[in-house]
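Okay, here's what each chain looks like letter by letter:
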Amino acid sequence: MSSQIFRSASRAARSIVSSASKQKRLFSEGRSVAAATAVSVKGVLPALASFGRDHSGNSSSTWIAGALALPAAAYMLQDQEAHAAQMERTFIAIKPDGVQRGLISEIIARFERKGFKLVAIKLVTPTKSFAQKHYHDLKERPFFDGLCDFLSSGPVLAMVWEGEGVIKYGRKLIGATDPQKSEPGTIRGDLAVVVGRNIIHGSDGPETAKDEINLWFKPEELTNYTSNQEKWVYGVN
């Protein structure tokens, strides 16, 4: 009898999860079934069965209630996976002029107020050869040498920020390369005057972000954690 209940509950879980995922268009039907199956394989269902048995060894209503709760749990797991897949990371650096002007807290506060999450940070003074690696895509430009001299002239605050759309919106927060063309409200629009001292750098795309993060940070320097504010920023419970 208990084995029949087990199989029925398992089929119900797979069916409901599959239907919900179709409606949400988050995952294919096969992915939903796989998620529900993974839950049972990990021993959750047997665990619920043991917790639900009374002293006589019979399955009780507690087991059934726990089994019927599995579709919701599996769906929440998929929802969290979808949320995590939408997250991205970008490299942001406060240049020597921004550090020397005492703008670190001002710039960090703008990213924090937006709802982005800081996952790596360090203060370093890069060598000129390191600066050349950072600006390698501009090596044919006439200002390349001066650009590298400036980046290596003093401390740089290197950071990695995480969030949905953080690469694209991070660039919007920063503003145009020329501060005089940057909109008021942006970092450069509010805090900088000329191109040569535009105080901040931000990755301009996913591939650039990946390369720059790998250049400035070791894998172990990147932190993975769930911020308490995420449920208020993204609505993830």
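This one's a predicted model, so the numbers in the text were calculated from it and none came from an experiment.

Right, let's get into the environment of Y135. Checked against the element boundaries, Y135 lands in the loop between α8 (128-134) and α9 (144-151). With relative accessibility at 7%, the residue Y135 sits in the buried group. Between the alpha carbons of Y135 and L147 there is a distance of 8.2 Å; along the sequence they are 12 residues apart. In contact with Y135, other than residues within four places in its own chain, are K95, F144, L147, C148 and L151.

Another aspect to go through is the packing of aromatic side chains. In the structure shown here, the tally under the stated rule is 5 aromatic pairs. For the pair F130 and W216, a centre-to-centre distance of 4.7 Å together with 85° between the ring planes defines the contact as edge-to-face. Highlighted residues: F130 in helix α8 and W216 in helix α12 (residues 206-216), separated in sequence by 86 residues. What makes W216 buried here is its relative accessible area of 4%.

Read from one edge of the open sheet, 4 strands run β2-β3-β1-β4, paired in antiparallel fashion. Only two strands of the sheet have a single partner each, and these edge strands are β2 (117-124) and β4 (200-202). Looking at each pair of strands side by side, their axes are set apart by 20° on average, direction ignored. Pairing of strand β1 (residues 87-94) with strand β3 (residues 156-164) involves 8 bridges; the strand directions are antiparallel. Counted as the bridge partner of M87 is E164 from β3. The sheet strands contacting helix α7 (residues 104-114) are β1, β2, β3 and β4, and the helix crosses β3 at an angle near 10°.

Attention now goes to the UniProt feature "binding site: ATP" (unreviewed entry) in the chain. Taken from the UniProt record, the annotation "binding site: ATP" (unreviewed entry) applies to K95, F143, R171, T177, R188 and N198. Ignoring sequence-local partners within four residues, the contact set of K95 consists of Y135, F150, L151, P155, R188, N198, I199, I200 and H201. With respect to the element layout, F143 can be found in the loop between α8 and α9. A relative accessible area of 43% means that F143 is categorised as partly exposed.

Thresholds applied
- Each chain has its residues counted from 1, following the order in which its sequence is written.
- Per-residue local features of the predicted model are confined to residues with pLDDT of at least 70, and side-chain atom pairs are confined, for both listing and counting, to 80 or more; whole-chain, interface and lining totals are unaffected and use all residues.
- The basis for the side-chain values is all heavy atoms of the structure; hydrogens and waters are excluded.
- Where helices and strands are cited, they refer to DSSP runs of H or I of at least four residues and of E of at least two residues respectively, numbered from the N terminus.
- Each residue is assigned to one of three classes by its accessible area relative to the maximum for its type, calculated with a 1.4 Å probe on protein chains only: buried under 20%, partly exposed between the two thresholds, exposed over 50%.
- What makes two residues a contact is simply this: any of their non-hydrogen atoms within 4.5 Å.
- Ring pairs are drawn from Phe, Tyr and Trp, using the six-membered ring of Trp, whenever the two centres fall within 6.5 Å, and their geometry is named by plane angle: stacked under 30 degrees, edge-to-face over 60, tilted for the rest.
- Paired strands, in this sense, are two strands between which DSSP finds at least two bridges.
- The axes are straight lines fitted to the C-alpha atoms, using for helices just the contacting stretch, and the angles between their N-to-C directions are given from 0 to 180°.
- UniProt positions are given in the numbering used here, feature names are shortened, and annotations may be inferred rather than shown by experiment.

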